[in-house]
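Residues per chain are reported as follows:
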Amino acid sequence: MSSGSSADHLARPDSAHPQDTPPRPRAVEPWPHGVSREPSMRISDVLDTLSTDFPALTPSKLRFLEEQGLVEPRRSPGGYRQYSLADVERVRYVLREQRDKYLPLKVIGEQLTALDRGEVLEPLQPRLATSDGEAPAPLRPARHTAASLARAAGADESLVTGLIEAGVISQGASGLLEPWTVEIVRAASSLAEHGIEPRHLRAFRAAADRQLDVVEQIVAPVRAQRAVAAQAHAATLAAEVGELCARLHTALLRAGVVELAP
């Protein structure tokens, strides 16, 4: 009788010593780390927070990013989307990678998955992660006068004026120039060292406009759709096709340069 009880005791799976049970692995906190995941923001709050950096952001774009699995806001009992500060940082990351690197959403999604696993792709500091828990004031992208653009690009103001007169860069209704024109002026300044004047760059402007026409033809059918996320999809498609056009242009130019070599 006692031997049977002993056998039963040995056969019981719960008789193992606690120290023999391996500890359960801790789940890695999704990126961004140290940022509140408490849903406290509506779509309008997210738009207000990101509008200075991404003025073209719309509710449909946010819904499109959700459809793509890049952000997962919670739903209130009434069915309304509620975002946390961490959600906002993920949206900011996606928009930044699209705007600055022209990356397709599939690649951005893979990067976010890697960040969620704890892999460091690049030095990242969430804009909303502050020691006191308060969100910092958003940084407004600088729009330039001809003089401030010249200073930012390290070029002569006369060069900026020449680029405007040649139609290479354009002033908005306010008379100011967009932040991205800094890179154009820097490139034009380097080309000027080889004797290339702003009037010579009209061909570059015309070539870019022709490539934009190609992008427009591809995007137009998507933009014409009535689906809620159509406009956001169109913007994403335009960025991806534009990047492919730029890569093709660069590859063709490089091939031609090689042929010029003796």
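The structure presented is a predicted model; accordingly, all values stated were derived computationally and were not measured.

## Concerning the overall build of the protein
Looking only at helices and strands, the protein features ten helices and two strands. Reading the helices (α) and strands (β) of the protein from amino to carboxyl end gives α-α-α-β-β-α-α-α-α-α-α-α. For the protein, buried positions account for 31% of its 262 residues. Taking the contacts inside the protein whose residues are at least 6 apart along the sequence as the reference set, 62% of them involve residues at least 24 apart. Only carbon and sulfur atoms are counted for the fraction: they give 56% of the accessible area of the protein, which is about 17000 Å².

## Digging into the side chain of Lys61
Its place among the elements puts Lys61 in helix H3 (residues 59-67). Look at Lys61 and you get buried, because its relative accessible area is 9%. Among the polar contacts listed, one links the side chain of Lys61 to the side chain of Gln98, at a separation of 3.0 Å. Lys61 has contacts with Leu95, Gln98, Ala232 and Thr236, leaving out every residue within four places of it along the chain.

## Some words on helix H2 (residues 43-50)
Those residues of H2 that sit buried are Ile43, Val46, Leu47 and Leu50. Seen from one end, H2 has its buried residues packed into an arc of 100°, which puts them on one side. Contacts made by the buried residues of H2 are with H3, strand S2 (81-82) and helix H4 (85-101).

## Focus: the environment of Arg202
Among the secondary structure elements, Arg202 is positioned in helix H9 (residues 202-223). Placed 33 residues apart in sequence, Arg202 and Ile169 show a C-alpha to C-alpha distance of 9.9 Å. Those residues in contact with Arg202 that sit more than four places away from it in its chain are Ala166 and Val168.

## Observations regarding the packing of helix H7 (residues 157-165) against helix H8 (residues 181-192)
Their axes nearest at 10 Å, the elements H7 and H8 cross at an angle of 105°. Relative to H8, H7 is oriented roughly perpendicular. Contact with H7, carried on its side by Leu159, Val160 and Leu163, involves Val185, Ala188 and Ser189 of H8 and no other residues of that element. In the contact of H7 with H8, the residues fall into five nonpolar, one polar and no charged.

## With respect to the pattern of salt bridges
Summed over all chains, the structure comprises 13 salt bridges. Close ionic contact of Arg81 with Glu66 constitutes a salt bridge, the shortest N to O distance being 2.5 Å. Residue Arg81 is located in strand S2, and its partner Glu66 is located in helix H3; the two are separated by 15 residues in the primary sequence. Overlapping salt bridges bring together Asp53, Glu89 and Arg92 as one network.

## Describing the side chain of Arg90
Within the secondary structure, Arg90 sits in helix H4. Within the structure, Arg90 has its side chain in polar contact with the backbone oxygen of Trp31 (distance 2.6 Å). With residues up to four places along the chain from it excluded, the contact list for Arg90 reads Pro30, Trp31, Pro32, Leu70, Leu112 and Asp116.

## Considering the confidence of the model for the protein
Taken as a whole, the protein shows an average pLDDT of 81; of its residues, 80% reach a score of 70 or greater. This model gives residues 5-18 a pLDDT under 50, and the stretch forms two contacts once residues within four places in sequence are excluded. For the stretch residues 129-133, pLDDT sits under 50, and the model shows three contacts to residues farther than four places along the chain or on other chains.

Reading the values: rules and limits
- Residues numbered from 1 in each chain as written.
- Predicted model: local features only at pLDDT ≥ 70, side-chain atom pairs only at ≥ 80, totals over all residues.
- Heavy atoms only, no water.
- Helix = DSSP H or I, 4+ residues; strand = E, 2+ residues; numbered from the N terminus.
- Buried < 20%, exposed > 50% of the residue type's maximum accessible area, 1.4 Å probe, protein only.
- Contact = heavy atoms within 4.5 Å.
- Areas by Shrake-Rupley, 256 points an atom, 1.4 Å probe, with all protein chains shown as cover.
- Polar contact = N/O pair within 3.5 Å; in protein donor to acceptor, adjacent residues only side chain to side chain.
- Arc of directions from axis to C-beta.
- Axes fitted to C-alpha atoms, helices over the stretch in contact; angles between N-to-C directions.
- Parallel < 35°, antiparallel > 145°, perpendicular 65-115°, else oblique.
- Nonpolar A, V, L, I, M, F, W, Y, C, P; charged D, E, K, R; others polar.
- Salt bridge = Lys/Arg side-chain N within 4 Å of Asp/Glu carboxyl O.
- pLDDT = per-residue confidence, 0-100.

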